[in-house]
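# Observations on chain architecture
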Amino acid sequence: MCGIFAYMNYRVPRTRKEIFETLIKGLQRLEYRGYDSAGVAIDGNNNEVKERHIQLVKKRGKVKALDEELYKFVVIHNGIITNYKDLKKFLESKGYEFESETDTETIAKLIKYVFDNREIEDITFSTLVERVIQQLEGAFALVFKSIHYPGEAVATRRGSPLLIGVRSKHKLSTEQIPILYRTRSIENTKNICNSRVKRLDSSTCLHAVGNKAVEFFFASDASAIIEHTNRVIFLEDDDIAAVADGKLSIHRVKRSASDDPSRAIQTLQMELQQIMKGNFSAFMQKEIFEQPESVFNTMRGRVNFETSTVLLGGLKAHLKEIRRCRRLIVIGCGTSYHAALATRQVLEELTELPVMVELASDFLDRNTPVFRDDVCFFISQSGETADTLLALRYCKDRRALTVGITNTVGSSISRETDCGVHINAGPEIGVASTKAYTSQFISLVMFGLMMSEDRISLQDRRREIIQGLESLPELIKEVLSLDEKIHDLALELYTQRSLLVMGRGYNYATCLEGALKIKEITYMHSEGILAGELKHGPLALIDKQMPIIMVIMKDPCFAKCQNALQQITARQGRPIILCSRDDTESSKFAYKMIELPCTVDCLQGILSVIPLQLLSFHLAVLRGYDVDFPRNLAKSVTVE
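Below is a short write-up of the structure. Predicted model, so just to flag it, every value in this text is computed and none were measured.

## Focus: helix α15 (residues 459-480)
Within an α-helix, residues lying three or four positions from one another point in the same direction, as the helix has 3.6 residues per turn. With 22 residues, α15 ought to run about 32 Å at 1.5 Å a step, and its terminal C-alpha atoms sit 32 Å apart, in line with that. Maximum bend of α15: about 50°, positioned at Leu472, with proline Pro473 one to four residues after it.

Shown next, in the form of structure tokens:
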């Protein structure tokens, strides 16, 4: 499972059925993240022998519930343990038997081993977990339960997201939960355990005042919690959160100078209806049609159309430092990378700085030189993308200024960067990103406009772009009105096995993004091609059987795109052209045309990508595939 969910209550009457439904609903909210198996564990009492046990249900993958040891200690895990083979070999040498090839089973066996070899009887549950995670390498979010510690749960994370929701009708003891640290040596374990218990009073843990009822929800994603509560705590890497008798405490093994001394309860600004489909057949379709609103929300409060000024509050304090830098490095993966590529040209124009656009995985593989006077942008819808997060830490180690562009408040990237921009696109559930792409695009354009505010020579260009931004929501509605025409086009293409998407200049990134959408959810081979490279190989693919989509807009590359179009038709190609409404030249060579409204050249990519989003949706539906949950893919890629 690429997401985990857990629920604990204290003095809140709940039937077994209600608890089970809460757990299943939480997992359903996380389904969009992708998974290969799912399981539920729930406390139970064995009435025959009067002893506690944990009922375990696991579906798909290795479904047998392993053995009794996994019932004594149950762990739910999101992530990947990279050293599990070494741990497994060690545990097998100690007589532990394994019935699956999963890394998660290794964690359960390891905590059983630590418990079996404890120095004292009354060792705390959190101490066991602390010792286990010190042996783990990789990325993980974990929640543990055990029959040996009834009414307790311990959660921890490293590299994978985890948050805790809190719900109570009564006043809570604190809004800031202090971090507890070890204060004594490991030699006297009993003193450590006893002293830790003594420290868990009302000033060091979270509980309902008066020992009243309280509920705790653990999840990888806020979407699984929002229907229960909007009050959450975001855990940091290596935090260990323990719940016992209705009290939540957080501690860490090591203290560093940069550590925040507490974790604050935050209020989510998310509404339940935002994660519901409404009248649409799929989340992806809903999110495509939400783009007039999401684009407006990205600009709201930031662009003043009357004075032609732009202010990104998250960057304001660092603006002078950014203006002094010698280059911009923009890093992302997949759709986020395409958003960076789509805006590179306008960023270079407005900032007058060299702009490098990098795939996070390749950036790390090359050990790219990064300097103190570089500014590095990290783009991620979830804010948890593993490769992007590793690239961020790589750049921080080299003391570059780091800027995050995310859609998720409280995410790892938003917390670890020096400053940033929240794109305000709203929750995106569909695995294939749509509205996040257009909001990322606009966020980067707004950054360029803010950087160029004092450039007299660029004022006319700035006004042109800002006027284009103002009209964008209405123009997007016009493009969405073409949905029926695009559906008819999909009826003609859905039986094809391959599809080429071509363009150049501002629209090259549109071609890459459109081809990615088609690949992701239709499972057709699709390739985004730079039209300027046509004669360097791709022209060999062209014949009357090959479906081709060309993006040709009235921009500085129009004449060059016309040349590519003629090369294709000369080889009996039948291009489907996305073009401007007033384009009479392209129509002479087009097999079919989709005419789009015109806007300023650097924003045209937002309008031209939407027909490709709609086309990929209709192709997937016609081919009979699940649009929101494509095979083999996860929404949030939290492992390398």
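Next comes the rest of the write-up.
## Thoughts on the nonpolar core
Of all hydrophobic cores here, the largest spans 91 residues; its most connected members are Phe377, Phe447 and Ile465. Of all the elements, helix α14 (residues 435-451) adds the most residues to this core, at eleven residues. For Phe447, the residues in contact, after removing those within four places along its chain, are Leu312, Leu315, Ile322, Leu328, Leu347, Thr351 and Phe377. Among the nonpolar cores identified, the runner-up in size contains 30 residues, and Phe73, Tyr113, Leu136 and Phe144 belong to it.

## Here's the deal with the packing of helix α16 (residues 483-493) against helix α19 (residues 604-622)
Two elements in contact, α16 and α19, have axes whose closest approach is 9 Å; the angle formed by their N-to-C orientations is 50°. Compared by their axis directions, α16 and α19 come out oblique. Note on packing geometry: the crossing formed by α16 with α19 is right-handed. From α16, Asp483, Ile486, His487, Leu489, Ala490, Leu491 and Leu493 reach across to α19, where they touch Pro611, Leu614, Leu615, His618, Leu619 and Leu622. The residue makeup of the contact of α16 with α19, split by class, is ten nonpolar, two polar and one charged.

## A look at the packing of α14 against α15
Put simply, α14 and α15 touch, their axes get as near as 11 Å, and they point 150° apart. Between α14 and α15, the angle is such that the two are roughly antiparallel. Viewed along their axes, α14 and α15 form a crossing whose handedness is left-handed. Contact residues: α14 offers Ile442, Val445 and Leu449, while α15 offers Arg462, Ile465, Ile466, Leu469 and Leu472. Looking at the contact of α14 with α15 residue by residue, the classes come out as seven nonpolar, no polar and one charged.

## Let's talk about the side chain of Asn507
Looking at the element boundaries, Asn507 is found in the loop between β22 (498-503) and α17 (508-522). Residues in contact with Asn507, not counting those within four places in the same chain, are Val551, Met553, Asp555, Gln604, Gly605 and Ser608.

## Focus on the pattern of salt bridges
A complete count under the given rule lists 36 salt bridges for this structure. Among the salt bridges present, the one from Glu175 reaches Arg231, with a minimum N-O distance of 2.4 Å. With Glu175 in the loop between β7 (163-167) and β8 (176-181) and Arg231 in strand β10 (residues 231-234), this residue pair connects regions lying 56 residues apart in the sequence. For Arg231, a relative accessible area of 25% gives the class partly exposed. A salt bridge links Glu520 to Lys517, with the shortest nitrogen-to-oxygen separation between them at 3.0 Å. Taken as a pair, Glu520 and Lys517 lie in helix α17 at a separation of three residues, close to a single helical turn. Since its relative accessible area comes to 1%, Lys517 is described here as buried. Where salt bridges share partners, they join Arg157, Asp237, Arg393 and Glu416 into one cluster.

## So, the pairing of strand β5 (residues 138-146)
Of all nine residues making up β5, eight are buried, and the element is well covered by its neighbours. Across nine bridges, the pairing between strand β4 (residues 73-81) and β5 is antiparallel. By the bridge assignment, Val75 is partnered in β5 with Phe144. Across four bridges, the pairing between β5 and strand β6 (residues 152-158) is antiparallel. By the bridge assignment, Ala141 is partnered in β6 with Arg157. Connecting β5 to the antiparallel partner β6 that follows it, the hairpin turn spans five residues, and Gly151 within it adopts a positive phi of roughly 75°.

About the criteria used
Residues numbered from 1 in each chain as written. Predicted model: local features only at pLDDT ≥ 70, side-chain atom pairs only at ≥ 80, totals over all residues. Heavy atoms only, no water. Helix = DSSP H or I, 4+ residues; strand = E, 2+ residues; numbered from the N terminus. Expected span 1.5 Å × (residues − 1). Bend = angle between axes of the 7 residues up to and from the residue. Core = buried A, V, L, I, M, F, W, Y, C linked by side-chain atoms within 4.5 Å. Buried < 20%, exposed > 50% of the residue type's maximum accessible area, 1.4 Å probe, protein only. Contact = heavy atoms within 4.5 Å. Axes fitted to C-alpha atoms, helices over the stretch in contact; angles between N-to-C directions. Parallel < 35°, antiparallel > 145°, perpendicular 65-115°, else oblique. Left-handed = near helix turned anticlockwise from the far one by under 90°. Nonpolar A, V, L, I, M, F, W, Y, C, P; charged D, E, K, R; others polar. Salt bridge = Lys/Arg side-chain N within 4 Å of Asp/Glu carboxyl O. Pairing = 2+ DSSP bridges.

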